[in-house]
Amino acid sequence: MRTFMDDMRALSLDVSRRGRRRAANFGGGSGAEERGTSHLLPAPFAHVVDKPEALIPLIHLINTKAPDRRPGDGYSKLLECPCTPQRRFDESTGHIDGKPPVPPFSCNSKFEDEGNPSCSFDAYEGGFRCCEHGVFLLDTSVHDVSKEETTEFFFKFDFEFLELEPETRQVRPPACCDVTSNRTVGGNIEFDVPACSEGVDPEDCVYEMSSSQTIDMMPNYHHKTEHLDVDPKEVVELVYAVGHLHVGGLSLDLYDDDSGELLCHSVPKYGATEAAGDEEGYVVGMSSCTFDPPIKMTRDTVVRTVSRYNNTVGHHGVMALWLMQVSDPAPTPSIQAS
């Protein structure tokens, strides 16, 4: 948020006077894996912006055009952001390339007990923390990147909007859910998928992990562990959910932890050709869940996330988290005594 506000100031926008005017966050970090995914919300729910003045895109672009890559090779392992020898890990400060990792390394006990490399500064081998702006994913002591062709990319955003109606209900992302988290650990966002044991049939190579969290009690569940100073029994309404998985992902399920009811089953669609939007071996879409009517639950409702990855080969820095939209209760009209 600090970077966002700095960017707003750079656009000469007076963010100090924004007050209680509402801004919107579209997508929640979804990328190329959700190009074929609908984020439409059922009426009367919507993202609400009171005074639109600027759009700031968040773009994380990974160039997978390795010199030895050939058509038909499938997905590129550069997508998993391997840490090259050029990355500087400072054990005395815990910094990578002179900066603290965001969020700090923190996984729940299941991942910690396994010694998952993505959960530890000392064991980290690859992921978004080795994928900051301007970082090369090739070993530059082996590859002279100055001789590689520069690729220029352009991005286009199309928005359709409706005028705000009295019955419009604003949505927001809840403080949940990441499979590396639990009810007290904020979460690591990413983890490694270990390769399947030798001799196991490929169809049986599945790496499954699960975690349980409250639906909306942490102020920033990837940075802090304390809970919000709110009424845990306050009702929120779940309007939309879609899973976020990387290559190798099989499914992401969301359950009511108490009843065991399956709330959402989100699965990836993989590309099968060389055509743009259908790249072979890459995730090009995720199935989503729209709740109409929405599911009512209290903030302290415990939900369980179950992720499944194929681990015929190992993967670094994958994710298994939910991008969700909830709505707070509509204000009850006051009745004045006559």
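Since this is a predicted model, take the numbers as computed values, not measurements. (Residues numbered from 1 in each chain as written. Predicted model: local features only at pLDDT ≥ 70, side-chain atom pairs only at ≥ 80, totals over all residues. Heavy atoms only, no water.)

Now, about the sheet that holds strand β8 (residues 249-256): what can you tell me, with residues and values included?
Reading across the sheet, the four strands line up as β6-β13-β8-β9 and stay open at both edges, with antiparallel pairing between neighbours. With partners counted over all chains shown, the strands left at the sheet margins are β6 (206-214) and β9 (262-266), one partner each. For this sheet, the mean angle separating the axes of adjacent strands, direction not counted, is 15°. Bridge count between β8 and strand β13 (residues 302-310): seven bridges; the pairing is antiparallel. Along β13, the bridge assignment pairs Tyr255 with Arg304. (Pairing = 2+ DSSP bridges. Helix = DSSP H or I, 4+ residues; strand = E, 2+ residues; numbered from the N terminus. Axes fitted to C-alpha atoms, helices over the stretch in contact; angles between N-to-C directions.)

Go over the environment of Tyr75, please, and point to the residues and values.
Positionally, Tyr75 belongs in the loop between β1 (45-46) and β2 (89-90). For Tyr75, a relative accessible area of 18% translates into the label buried. Along the primary structure Tyr75 and Gly271 are separated by 196 residues, whereas in three dimensions their C-alpha atoms are 9.8 Å apart. Of note is the side chain of Tyr75, whose polar atom sits 3.4 Å from the side chain of Lys77. Polar contacts involving the side chain of Tyr75 include one to the side chain of Glu80, which spans 3.2 Å. (Buried < 20%, exposed > 50% of the residue type's maximum accessible area, 1.4 Å probe, protein only. Polar contact = N/O pair within 3.5 Å; in protein donor to acceptor, adjacent residues only side chain to side chain.)

So what's going on with a nonpolar patch on the surface? Which residues, and what values?
On the surface, a cluster of nonpolar side chains totalling about 860 Å² of accessible area is made up of Phe26, Val49, Leu55, Ile59, Leu61, Phe153, Phe155, Phe157 and Phe159. Looking at the element boundaries, Val49 is found in the loop between β1 and β2. (Patch = residues over 30% accessible without salt bridge, like charges linked within 9 Å, V, L, I, M, F, W, Y side chains within 5 Å. Areas by Shrake-Rupley, 256 points an atom, 1.4 Å probe, with all protein chains shown as cover. Salt bridge = Lys/Arg side-chain N within 4 Å of Asp/Glu carboxyl O.)

Please give an account of the pairing of β8 that cites residues and values.
Most of β8 sits out of view: seven of its eight residues are buried. Hairpin remark: β8 followed by β9, antiparallel, with five residues in the connecting loop; positive phi at Gly260, about 80°.

Give a detailed account of the sheet that holds strand β14 (residues 315-327), specifying residues and quantitative values.
Strand order in the open sheet made by the four strands is β5-β14-β7-β12, with antiparallel pairing throughout. At either margin of the open sheet sits one strand with a lone partner, and together these are β5 (190-193) and β12 (288-298). Shown here is a sheet whose adjacent strand axes are inclined to one another by a mean of 35°, direction ignored. Inspection of the sheet shows β5 paired to β14 by three bridges, in the antiparallel sense. Note on β14: the bridge partner recorded for Val193 is His315.

Summarise the nonpolar core; cite the residues concerned and give the values.
Formed by 45 residues in total, the largest nonpolar core has its most connected members in Phe111, Phe191, Leu254, Trp322 and Met324. The greatest single-element share of this core, amounting to eight residues, is contributed by β14. Among residues more than four places away in sequence, those in contact with Met324 are Arg172, Pro173, Pro174, Cys176, Cys177, Ile215, Leu238, Tyr240, Ala241 and Leu254. Listed in part, the six residues of the second largest apolar core include Cys81, Cys131, Leu137 and Leu138. (Core = buried A, V, L, I, M, F, W, Y, C linked by side-chain atoms within 4.5 Å. Contact = heavy atoms within 4.5 Å.)

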